[in-house]
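Architecture at a glance
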Number of protein chains: 2
Amino acid sequence: MELDETDRAILRILQEDARTPFSEIARRIDMSSATVHDRVGRLEDAGVIQGYHAKVDPRKVGYGTSALVGLRVEQGREENALERLREIDGVKEVHLTTGEWDVMLRVYAEDTDALRDLMFDEIAEMEGFARSQTMVILGTDFEDPSLPV
Amino acid sequence: MELDETDRAILRILQEDARTPFSEIARRIDMSSATVHDRVGRLEDAGVIQGYHAKVDPRKVGYGTSALVGLRVEQGREENALERLREIDGVKEVHLTTGEWDVMLRVYAEDTDALRDLMFDEIAEMEGFARSQTMVILGTDFEDPSLPV
DNA sequence: GTTGAAAAAATATTGAG
DNA sequence: CTCAATATTTTTTCAAC
């Protein structure tokens, strides 16, 4: 799908605030709200917009600790490992990477005790696990929900 | 702020789809939409809900490459480095971490050439830069926008 | 805290340029 | 692709329990 400047303007607004009324988007990009409606529908259908999500403060819902985890997986066991990782509560992202680690995880836990349990009881016990390194996130300086479009 | 099961149910729904009409949330949790409206407002005011964001497919807007970057910063230069990182286009997350790296970045770039430029021309040139390691993300197996609440 | 009902506003749809 | 007008739905407010 080809995106023009109007589409990009709409994407910028919806990335910033997904509940901006179409009427206000229309005002801001100087088009009718019917056009905005039409374009947003097409952006959704084309998969450019993958969804709309409320961002919840992890601390306020009991997740005081977050970490990035590098993972080495035994050769030939990759599929089993990935399948298992998807099911583990607290594992929020699973990326396949080049370099020192085969897989990088983003995990959330209640506190450092819970993180230890997650690492020792769940991740280190899974099929195909070789070794891991945990980088505890002491703080997030910057986290932009928007991509520059 | 104390969250009860009703709040959690609302959060689950809005994390999944931030544009679910209050009337439908009300149906699903068996309350009036006025109550949902009231609760969502309180969750926003308390900072539990930090915002609503459209999720855009990076590939569809020209970001074919993503990476996790581990960064070492010279002692005493941390603030300068963090300030600079915030301004660099393509740097989407900046986390302070324990372990091998002081800072972990999540970056997006058009392609591997653009990633090289980002690393060599922007990040390696910034004040306080000591060394870095780039973990190119070959694929994301799993990425859940929701926290289990 | 919750509700139902009314008022205000937004979204979805239609038909036509 | 865009628009104006209309129909439908939702959000918002508020008096009352």
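The structure we're discussing is the one just above.
One structure accompanies this document, and this report is about it. Given the structure is predicted, the values throughout are model-derived calculations rather than measurements.

**Side note on the protein's contact with DNA strand D**
Residues in contact with DNA strand D, as listed here, are Met31(A), Ser32(A), Ala34(A), Thr35(A), Asp38(A), Arg39(A), Arg42(A), Pro21(B), Phe22(B), Ser23(B), Ala34(B) and His37(B). Taking all atoms of DNA strand D within 4 Å of the protein, the share assigned to sugar and phosphate is 80%. Contacts to DNA strand D include Thr35(A), whose side-chain N or O atom sits 2.7 Å from a phosphate oxygen. Between a phosphate oxygen of DNA strand D and a main-chain N or O atom of Ser23(B), the distance comes to 3.3 Å. Looking at the surface near DNA strand D, the elements with two or more residues in it are helix H3 (33-45) of chain A together with helix H2 (22-29) and helix H3 (33-45) of chain B. Examining the composition of the surface near DNA strand D, we find that five residues originate from one element, H3(A), more than from any other. The class makeup of the residues in the surface near DNA strand D is five nonpolar, four polar and three charged.

**Thoughts on the interface of chain B and chain A**
If you look at the interface, chain B gives 59 residues, while chain A gives 59 residues. Both sides of the chain B and chain A interface together cover about 5900 Å² of buried area, and 57% of this is carbon and sulfur. Here chain B and chain A share four salt bridges between them. Where Glu93(A) meets Arg106(B), a salt bridge forms, and the shortest distance between an N and an O atom there is 3.6 Å. Taken together, the links from chain B to chain A amount to 39 residue pairs in polar contact (both at pLDDT 80 or more). Every element with two or more residues in the side of chain B that touches chain A is listed here: helix H1 (5-16), strand E1 (49-56), helix H4 (78-87), strand E3 (91-97), strand E4 (103-109) and strand E5 (129-143) of chain B. Sort the elements by how many residues they give to the side of chain B that touches chain A and E5(B) lands first, with 11 residues. Residue composition of the side of chain B that touches chain A, by class: 31 nonpolar, 13 polar and 15 charged. Where strand E3 (residues 91-97) of chain A and E5(B) come together, five bridges link them in antiparallel fashion. Residue Val94(A) lies in a different strand from E5(B), and its bridge partner there is Phe142(B).

About the cut-offs
- Residues numbered from 1 in each chain as written.
- Chains lettered and ligands numbered in written order.
- Predicted model: local features only at pLDDT ≥ 70, side-chain atom pairs only at ≥ 80, totals over all residues.
- Heavy atoms only, no water.
- Near = heavy atom within 4 Å.
- Polar contact = N/O pair within 3.5 Å; in protein donor to acceptor, adjacent residues only side chain to side chain.
- Helix = DSSP H or I, 4+ residues; strand = E, 2+ residues; numbered from the N terminus.
- Nonpolar A, V, L, I, M, F, W, Y, C, P; charged D, E, K, R; others polar.
- Contact = heavy atoms within 4.5 Å.
- Buried area = accessible area lost by both parts, 1.4 Å probe.
- Salt bridge = Lys/Arg side-chain N within 4 Å of Asp/Glu carboxyl O.
- Pairing = 2+ DSSP bridges.

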